[in-house]
Structures are given as C-alpha cells and as structure tokens.
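If you want the building blocks of each chain, they are given just below.
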Amino acid sequence: MDFLNLLARLATLDTEAPATAAPRRAALSRLGQVGTALLPALLAALPAPALAGTKETRTRLDVLKLALKLELLENEFYSRALGLTPGGPTNPAAFFVTTANRAAIQTIQSHEAQHVALFTRLITDAGSPLDAVPNFDFTGSKNGTQPALYPDVYTNLDTFLKVAQLLEDAGVRAYKGQVEFIQTDNYTLEAALRTHSTEARHAAHIRTMRRQRGANVKSWVSPADAPITTAGTVPDAVYSTESNTTQYIVRNSVITKVPFDSSLPINVGTPPLSAAAILAKVAEAFDEPVEAATAEALLQLFTY
Amino acid sequence: MSNIQHNGSDEAEFAKPLYTPIKRRSFFMYAGATAGATALLLSGCDDDDDNNPVGMVDVGSGDPGVLNYAYALEQLEAAFYTTLRTGTYYTGLAAGSAEKSALDDLYYHEVIHRELFKTALGSGAIKGLEVDFSNIDFNARTSASGSSKLGVLDAAKAFEDLGVAAYNGAGKYITSADYLTLAGKIVSVEARHAALIRDLISNGTFVGSDVIDGNALERSKEPSEVVATANAFLKDGSKLNVSNIK
C-alpha cells in the first residue's frame, strides 16, 4: 500500500462518520487499525509543530470569553490613561504630550469599547452568563502583592506605549490562535477575523508612535526591534516565538517546510540581502499565533 | 458582505450550542481532501471550462481555489512593490530613510507571501499574472491634484486595504485549519502594512472609518468584490475569475 492510498483510505474512513469530527488522536488510533507498520514513517512525515503534541480543544464559548477578557483589559487600560476611569495619570490631559498621540489613543479606546460591547452581546445572546469582570492593575504588581513590572505605566508615556504595544501584539496573536476553533461557525469566525485585523492596525500604530518618539521598533514585529520584554518573564511569551522563520504547507499530501532558507526566489532585491537579513524579512512577514494559555497568563499579570 | 448586527437571524445563529467542542480536523481527513482537491484542480486547469469566461484565470474551487486567490493578490502586491522600486519616487528616497526602509520591507514581505502560496499550490498554481499599472504614477508620492493616476502611497493603501478585506472575507471558505491559521498569520501583517501606509499619507488615519464599521470590525469583502477592483490592475488574459470559490 503506498502512502497516498493509505491517506485516501483513512479519509474515507473519516468521512463515513462525519458526525464525530475525529481529532488527531482518533485518527492515529484508526491508523493503528489500518497498519501499524506505517505509523513511524507517517509520524516522521509530520514535523510541523502545529501538528505535533497536545493541542488545545476549545468551545465557541471559550473563544468568545477569551476575546471579551482581552477587550475588557485593553479598554480599561486606555480608559484610565484618558481619564475616563480612575487609576490613570494625575493629569490625563497632559499625559500624551501631543494632541495627535491623545487622538490616536481615543480612537483605539473607542474601538476596544465597541469590541467589549460586541463580545458581551454575542455571549449573552447565546444564553451564557458573563464572567465577573476582574480588578485591573497595569503596573503588573497585582495590587501590590508582587514587584511591579511597569511601575510608571501612567506617569511615563514611553512605558505606557510599551505596555500598549505588548497588549495589542498579544491580542493579535491570541485571536489568531483561536480562529481554528470557530472555523465551522462562519459568523463568529468572520467577527473574530475582522476584530483581529483591527487590532493589528492598532498594534502597528502604537509601534509607529513609539518609533516617532525614538524607539527602535517597526510597525510589524521584527527581529530588529529593540526588545521590550525580558527573557523568562510572562510578557516575554508575547514575543518569544515571533522570530520564527519556518512555515509549513501541505504539498502532495505531505507536510512540507517552505524552503525560505534555500531554494525560494525571495532574495531578489539589488543588491541581495545577507542570509540573516532575508530571514529577518521572513520572520516579519508572518505574525505567529499563541495558544489561549499564553494569553491567559498575560491577562493574569494585569488582573487580580 | 456579512454585517455583524444585532438582528433576528443572528439570534438564531447564536442559539446554536456554544459548548460543543470544535476539535482540530484530523490530519488524515485533511490530507485526503487535499489529495482529492489537487486532482480536482488539475482537472480544472482547462481554460475552456464551462464556468470560466474565455481569457480569464479561473482560481478554482475548494482550498486550492482560495489559495490561488490569495496567490493572485500577493502576486499583484509583489508586482506593485517591485515596479515601485524603478520609479523616481522610490529612487529619490534617502538611503536609510523611514519611508524607504518601510517600502523595502513591504516589497520583501509580499514577495515572501507570493512565493509561499506558489510553493503550497505546486502544480496547481495559477500562472504568473501580467499586471497593468498604467493608472499608477510611480514618480509621485501621492496623487497630484487633477491627476487621474494614483500616487505610489495611494496605490499602496488601496492594495493593502483590499488585501486585508479579502483575507477577512475568504477565511470562511477555507476548510483546512492549518491554512486558516496561515492566512491569519499573513492578514495581520497586511493590516500592519495598511496602517503604516495610511499613517505615512496622513498621521492618525491608521484605521479610518472607511475601513471599519460601527462595531469596530474591519471591512470584509467577498472574492467577487475584491476581483472587481483587482482586475483593474491586471491585463486581459490575467483577469481573475473567482466564481468557483464558494
């Protein structure tokens, strides 16, 4: 039996029972029934991290609740800075230095408030109660119970913008990690995708604001950015896998690494870039997802 | 285009059980489907297909159709940033200037996206498209008043905004979870591009009311709407037919 025939037979087995969407584990056990001799070879053909190891399984409600938590966090973060809710700068009017900075944050905050309203409605319309809204502490000290990571978040605009970048980049990555769990629900999927790209525009602008203030940062996540997190800390998980230069595609039914580092004609400018520089462009060209657990850990840092 | 609004049909939609786990598709189901779809694509390569108007490029159906659609849009964007490098607007930018390094990044990103889709599609890829940029003035930063031609940044804004709306609208047509996630990895970078280009034209316009609705959701466009715009930048014989994506 050749490889493709095996796959075709397995696919047939799966489609005979469409009611039970077979997860990978079930597929593997089914594979065992077909012929264990091929198992090692098949597993060896699955090097993609996305297809290896334990994956999250999440309901549509899980996805909506995570979205609402992220939007509540962002909305409160900006609302405090603008003086709309207590806990922000002593003089919110002066905090942003320029009217352009303040106007941009007002625009972003208004979007986050709309996202909060949207996801609140989607959850309640579905008949689910809402989770209690936590208390927020954007210094990262959890109300003084641990050392603050960002003690000057509302007294230093540059720190505020760093945290803003962290939250926006994290939001983009978190939505991206959730879309596969709402794939069969076109309505929720499209709402999530359309929120996702709005957040990406916010992230880009926050980065542009930081660059205008002298920070070494691009509008997209780049290995060339000056790091804003420290290895080993919770916030660092937002960036620790963003420098990935490896992407996988399925070709002739085999998971294949895209040969950005060898044969693909991507280094086509004049003069050509160094090998490291072209791979940095590859890293920039793809925003990576994070699993819900990573997003939850970041939420935990700023709530109590 | 779907609208996320509070109305009767939406309530019906959301009455569906929220607690049903949606598990990752089996790789084998996926791989089998891909093998089948590849065969379908190969059989659909005939340009005289009944569903395909003469002289148009049929992107096909199923996931390969969506991938070819994305490949076509990335070809268009990559060709734009490639051509841009020969115009006096770009060549006149100071080395190391913020605008030049941004346009350099965009050029590489779009070439990288294009080559990724070409690789994924293999022998099922549509041909290399011939572009028509006669309505773009590559020597002008933005449209001169009274000129019917788009300036470089105006055209970049149009392409990037279009790309984001296209990906947002195409997600629902992708059946492979891996390709949905891959599209997600690309669309947010396109949105970052769009935001920066808009800020270069006018600071603070990164997410104008022309690209989002009252729920702060970015626009999404159906493939048919997208190609109505994209085809204006493609030569006869390279114009796209997306009617089999559904």
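Just so you know, these numbers come straight off a predicted model, no measurement behind them.

1. Quick notes on the overall build of chain B
- Helix and strand counts for chain B stand at eight helices and five strands.
- What you see in chain B, going N to C, is helices and strands ordered as α-β-α-β-α-α-α-β-β-α-α-α-β.
- Every one of the 246 residues in chain B was classed for burial, and the buried ones make up 59%.
- In chain B, of all internal contacts separated by at least 6 residues, the share reaching a separation of at least 24 is 74%.
- Per element, the accessible surface of chain B, about 9,100 Å² overall, is 53% carbon and sulfur.

2. Let's talk about the overall build of chain A
- Helix and strand counts for chain A stand at ten helices and three strands.
- Moving toward the C terminus, one meets the helices and strands of chain A in the order α-α-α-β-α-α-α-α-α-β-β-α-α.
- Relative to its full complement of 304 residues, chain A shows a buried share of 51%.
- With the model as given, the accessible surface of chain A reaches about 12,200 Å², and the carbon-plus-sulfur share is 57%.

3. Describing empty space enclosed by the protein
Residue and element names in this part refer to chain B.
- Going through the model one piece at a time under the given rule, you end up with eight cavities of 30 Å³ or more.
- Volume-wise, the largest cavity comes out at about 80 Å³.
- Counting only elements with at least two residues in the lining of the largest cavity, the list comes to α3 (62-84), α6 (152-170) and α7 (177-201).
- Here the residues of the lining of the largest cavity sort into ten nonpolar, one polar and no charged.

4. Some thoughts on the nonpolar core
- In this structure, A:Phe77, A:Phe160, A:Phe302, B:Tyr69 and B:Phe80 are the most contacted members of the largest nonpolar core, which totals 144 residues.
- Three or more residues apiece are contributed to this core by two domains, here domain 2 (60-233 + 292-301) and domain 3 (248-285) of chain A.
- Among all residues touching B:Tyr69, those that are not within four sequence positions of it are B:Val59, B:Ala166, B:Ala170, B:Glu222, B:Pro223, B:Val226, B:Val227, B:Val242 and B:Ile245.

5. Some words on the packing of α3(B) against helix α8 (residues 223-230) of chain B
Residues and elements named next belong to chain B.
- α8 packs onto α3 with a crossing angle of 25 degrees between their chain directions and a minimal axis gap of 12 Å. Classified by the interaxial angle, the pair formed by α3 and α8 is roughly parallel. The two elements α3 and α8 meet at a crossing, and its hand is left-handed. Along the contact surface, α3 presents Tyr69, Leu73 and Leu76, while α8 presents Pro223, Val226, Val227 and Ala230.
- When grouped by side-chain class, the residues that make up the contact of α3 with α8 number seven nonpolar, no polar and no charged.

6. Regarding the packing of aromatic side chains
- A complete count under the given rule lists 24 aromatic pairs over all chains for this structure.
- Three or more aromatic residues link up through ring pairs in this structure, and these residues are A:Phe77, A:Tyr78, A:Phe95, A:Phe96, A:Phe136, A:Phe138, A:Tyr150, A:Tyr154, A:Phe160 and A:Phe302.
- Over the ring of B:Tyr107 we find B:Arg85; its NZ or CZ atom is 4.0 Å from the centre of that ring.

7. Considering the confidence of the model for chain B
All names here are of chain B.
- Mean pLDDT over chain B works out to 85, with 79% of the residues at or above the 70 mark.
- Mean pLDDT per element in chain B: helix α1 (residues 8-14) is the minimum at 41, and strand β5 (residues 240-241) is the maximum at 98.
- Scored below 50 in pLDDT, residues 5-49 shows 88 contacts in the model against residues more than four places distant or in partner chains.

Criteria and cut-off values
- Residues numbered from 1 in each chain as written.
- Chains lettered and ligands numbered in written order.
- Predicted model: local features only at pLDDT ≥ 70, side-chain atom pairs only at ≥ 80, totals over all residues.
- Heavy atoms only, no water.
- Helix = DSSP H or I, 4+ residues; strand = E, 2+ residues; numbered from the N terminus.
- Buried < 20%, exposed > 50% of the residue type's maximum accessible area, 1.4 Å probe, protein only.
- Contact = heavy atoms within 4.5 Å.
- Areas by Shrake-Rupley, 256 points an atom, 1.4 Å probe, with all protein chains shown as cover.
- 1 Å grid on protein atoms, 1.4 Å probe; cavity = no way out; pocket = protein on both sides within 12 Å on 5 of 7 lines; lining within 4 Å.
- Points joined across faces, edges and corners; volume = space filled by probe spheres on them.
- Nonpolar A, V, L, I, M, F, W, Y, C, P; charged D, E, K, R; others polar.
- Core = buried A, V, L, I, M, F, W, Y, C linked by side-chain atoms within 4.5 Å.
- Domains from an automatic or database assignment.
- Axes fitted to C-alpha atoms, helices over the stretch in contact; angles between N-to-C directions.
- Parallel < 35°, antiparallel > 145°, perpendicular 65-115°, else oblique.
- Left-handed = near helix turned anticlockwise from the far one by under 90°.
- Phe/Tyr/Trp six-rings, centres within 6.5 Å; stacked < 30°, edge-to-face > 60°.
- Lys NZ or Arg CZ within 6 Å of the ring centre and 35° of its normal.
- pLDDT = per-residue confidence, 0-100.

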